[in-house]
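Architecture and fold: a report
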Amino acid sequence: AAFGAGLDVDVRADPAGLAVGHDDALYVAANLADTLVVTTGGKKQKARDAISLTDPKRPDHRLFPYDVAVVRAKRRDTVFVSCWNRSDRPHRIEPG
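Residues numbered from 1 in each chain as written. Predicted model: local features only at pLDDT ≥ 70, side-chain atom pairs only at ≥ 80, totals over all residues. Heavy atoms only, no water.

**Comments concerning the overall build of the protein**
Scanning the protein for helices and strands turns up zero helices and seven strands. Each helix and strand of the protein, placed in order from N terminus to C terminus, yields the pattern β-β-β-β-β-β-β. Taking all 96 residues of the protein together, 32% fall into the buried category. Put simply, of all contacts in the protein between residues at least 6 apart along the chain, 34% involve residues at least 24 apart. Summed over all atoms, the accessible surface of the protein reaches about 6,200 Å², with 49% contributed by carbon and sulfur. (Helix = DSSP H or I, 4+ residues; strand = E, 2+ residues; numbered from the N terminus. Buried < 20%, exposed > 50% of the residue type's maximum accessible area, 1.4 Å probe, protein only. Contact = heavy atoms within 4.5 Å. Areas by Shrake-Rupley, 256 points an atom, 1.4 Å probe, with all protein chains shown as cover.)

Encoded structure:
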């Protein structure tokens, strides 16, 4: 299956950084789509969610996410995404 299949993510999104979270969920920085793709855990790893990193107030400002880090605590993931075009701080995401 193509990267991001079944989600609103272009297959040319250039998957970059990867990190594994709770229950083997995989977090993927989709570099050219300014998106964090979240997969289900387990052997079949299916795309579950695509979280836009774009600021709604600046829709034309590209971020180019390239790395992902996960902090796991109490069965919950906090995800940090580093972007080429944002040097002040990484995005902090707490997937539901």
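Having seen the structure, we can now continue with the description.
**A word on the nonpolar core**
Core analysis: the largest hydrophobic core is formed by 14 residues, its most contacted members being Tyr27, Leu36, Leu53, Val68, Val79, Val81 and Ile93. When residues of this core are assigned to their parent elements, the largest contribution, three residues, is made by strand β6 (residues 76-83). Ignoring sequence-local partners within four residues, the contact set of leucine 53 consists of Asp34, Thr35, Leu36, Leu63, Pro65, Val81, Cys83, His91 and Ile93. (Core = buried A, V, L, I, M, F, W, Y, C linked by side-chain atoms within 4.5 Å.)

**What about the environment of alanine 29?**
Relative to the elements of secondary structure, alanine 29 occurs in strand β2 (residues 26-30). When near neighbours in sequence (up to four residues on either side) are disregarded, alanine 29 contacts Asp14, Pro15, Ala16, Gly17, Thr35, Leu36, Pro65, Tyr66, Asp67 and Val68.

**Quick word on unusual backbone geometry**
Here aspartate 34, not a glycine, exhibits a phi torsion of approximately 50 degrees, which is positive. With phi around 55 degrees, phenylalanine 64 is a residue other than glycine that occupies positive phi space. Here phenylalanine 64 falls in the partly exposed class, since its relative accessible area comes to 26%.

**Structural notes on the pairing of strand β1 (residues 15-20)**
A regular strand places its side chains so that they alternate between the two faces of the sheet. Sheet topology places β1 next to β2; four bridges connect them, and they run antiparallel. Counted as the bridge partner of proline 15 is alanine 30 from β2. (Pairing = 2+ DSSP bridges.)

What is shown is where atoms sit, not what they do.
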